[in-house]
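Report on the structure
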Protein chains: 2
Amino acid sequence: MEIHYNMCMRILIIEDDLKLRSMLKDALEAFHTIDTAGSLKEGIELVGSYAYNALLLDRNLSGADEGMKIIPTLKKLQSSCAVIITSAYGGVEERIAGLSAGADDYLEKPYDLRELKMRLDALIRRYARDTIMMGEMQIDIKNETLSVQGEIILLSKKEHDLFFFLASKPDKVFTRDDIANAIYEDPSSTTSNTIDVVIRNIRKKLPIDPIETVKGRGYALKNV
Amino acid sequence: MEIHYNMCMRILIIEDDLKLRSMLKDALEAFHTIDTAGSLKEGIELVGSYAYNALLLDRNLSGADEGMKIIPTLKKLQSSCAVIITSAYGGVEERIAGLSAGADDYLEKPYDLRELKMRLDALIRRYARDTIMMGEMQIDIKNETLSVQGEIILLSKKEHDLFFFLASKPDKVFTRDDIANAIYEDPSSTTSNTIDVVIRNIRKKLPIDPIETVKGRGYALKNV
DNA sequence: TGACTTTTTCATGATTTTTTCATCTAGGAC
DNA sequence: GTCCTAGATGAAAAAATCATGAAAAAGTCA
């Protein structure tokens, strides 16, 4: 199985310092898709609706250690999301508290941007194992979930079977016969354009179109 | 249904300072299986014959940056091994060099033993979460309690088993077979729509509906 | 035992998916 | 330009699947 790992990640930055926030966004946007939130509340909302690969979290949001509270939520919602805490207080005790709250890393402010990027990459590498990233699509093999642009997509049975069949070999063009053999008990029973319609229904559920039509041959899942 | 997280890792420590080496071994041995090597050569031999979960690597083995050389070898041999580099030189440039060589973390000497342990734990924590916060729901896996909007919800045994099974992987769609296998001694004994009814009874007890029906496939716990 | 709760079964109506089919559209060949 | 073809699309029919209420069966506990 050929799998294409496109290392563009979706990252959430929760940081109340506006200047720092936009600086980080600018710096990382060249490599990844960045969302930002200025408060924990805003951050939690985003975590509920998008799938992130990493979270960069300011520990000292609005005084107390509010920031830490989001970590367990995030980790269970999104098992493949790495968490980096940033904080001005870099003592050993604080680092330990951060890590035991569930974070994967702890960076002291001020930090070097290149180091931040390296640490992000290191974490992402570690988490990327059971996930196929294809452009804006994230296919979690283990949990059999698909998310596109961070949104979790629920497919019906036929849609699911067809989509994951195409995903088994990204970029390969499958004929309608290939597909019918894969997703039907009795492939000969279907005489109409059923497969075209299933394809269409999948497309209707996605915000982008990752399925390429190859005229005269069939369909392929492509990198979007 | 009880879930136990007993995560004992096999860790290799490569460190030429004998005193530090045995100190580390003593400190970590309570939690993990520890192998030690005093030289790079010795370390490479061990890497060739055992599967490690983590490598603690002294950067400054025998003068030059010999330590780094082992990382690509290791990563090739054991793709799921995390690497933590330790070094007396803690400047940003060195940290970046270490991380870009493939390490997952970088610790400056001298480091606090508790912090080292925390960082090691962070590497495996993704397998051992105990509290799930999902929107208005709080699911405590360890104590097996569920509360919604602050209120503790009491579920009957079957309801409880089914709910916590779904909660073990939020967003994953479980088939009725998956569920039956998880919550029944003899899954084949049930011929009717028992599971549907249990689902319905759970829904009746909750003020919100966190269970998504995916027609033709099964059920999934979703974020509410 | 008897009152009570939980679990399972079943029949029915509601809903969604799946399939079919007729019609549209875009692009290539002529 | 027209003709032709493969695919896209919308809508309706057919099939599959699920939710629900109610009742029987099994289990719990004083």
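For the structure itself, consult the block above.
Residues numbered from 1 in each chain as written. Chains lettered and ligands numbered in written order. Predicted model: local features only at pLDDT ≥ 70, side-chain atom pairs only at ≥ 80, totals over all residues. Heavy atoms only, no water.

Residue and element names in this part refer to chain B. Pairing is parallel across the open sheet formed by 5 strands, whose spatial order is 2-1-3-4-5. Each edge of the sheet is formed by a strand with only one pairing partner; in this case those strands are strand 2 (33-37) and strand 5 (105-108). Strand-to-strand twist across the sheet, computed as the mean angle between neighbouring axes with direction ignored, equals 20°. Of the strand pairs in this sheet, strand 4 (residues 82-87) and strand 5 are connected by 4 bridges, and their pairing is parallel. Along strand 5, the bridge assignment pairs Ser-87 with Glu-108. With respect to the sheet, helix 1 (residues 18-29) is in contact with strand 1 (10-14), strand 2 and strand 3 (54-58), its orientation differing from that of strand 2 by roughly 170°. Taken strand by strand, helix 4 (residues 92-100) contacts strand 4 and strand 5, and its axis lies near 145° from that of strand 5. (Pairing = 2+ DSSP bridges. Helix = DSSP H or I, 4+ residues; strand = E, 2+ residues; numbered from the N terminus. Axes fitted to C-alpha atoms, helices over the stretch in contact; angles between N-to-C directions. Contact = heavy atoms within 4.5 Å.)

Before going further, it helps to examine the protein's contact with DNA strand C. Around DNA strand C, the surrounding shell holds 23 residues, and the nearest of these are Ser-156, Tyr-184 and Ser-192 of chain A together with Ser-156 and Tyr-184 of chain B. When the atoms of DNA strand C within 4 Å of the protein are grouped by moiety, sugar and phosphate amount to 68% of the total. One nitrogen or oxygen atom from the side chain of Ser-192 of chain A is found 2.7 Å from a phosphate oxygen belonging to DNA strand C. Of the residues in the surface near DNA strand C, the class split is 4 nonpolar, 14 polar and 5 charged. (Near = heavy atom within 4 Å. Polar contact = N/O pair within 3.5 Å; in protein donor to acceptor, adjacent residues only side chain to side chain. Nonpolar A, V, L, I, M, F, W, Y, C, P; charged D, E, K, R; others polar.)

As enumerated under the stated definition, the model contains 17 salt bridges over all chains in all. In this structure, Asp-105 of chain A engages Arg-119 of chain A in a salt bridge whose closest nitrogen and oxygen atoms are separated by 2.7 Å. Note that Asp-105 of chain A is positioned in strand 5 (residues 105-108) and Arg-119 of chain A in helix 5 (residues 113-127), a separation of 14 residues in sequence. Arg-119 of chain A shares its class with Asp-105 of chain A; the two are buried. Across the pair Asp-112 of chain B and Arg-114 of chain B runs a salt bridge whose closest N-O atoms are separated by 3.0 Å. (Salt bridge = Lys/Arg side-chain N within 4 Å of Asp/Glu carboxyl O. Buried < 20%, exposed > 50% of the residue type's maximum accessible area, 1.4 Å probe, protein only.)

In the vicinity of DNA strand D lie 20 residues, with Arg-200 and Thr-213 of chain A together with Arg-200, Thr-213 and Tyr-219 of chain B positioned nearest. Sugar plus phosphate, as a fraction of atoms of DNA strand D within 4 Å of the protein: 89%. Residue Thr-213 of chain A places a side-chain N or O atom 2.7 Å away from a phosphate oxygen belonging to DNA strand D. Contributing elements (two or more residues each) for the surface near DNA strand D: helix 8 (194-205) and strand 10 (211-214) of chain A together with helix 8 (194-205) and strand 10 (211-214) of chain B. Split by residue class, the surface near DNA strand D holds 4 nonpolar, 6 polar and 10 charged.

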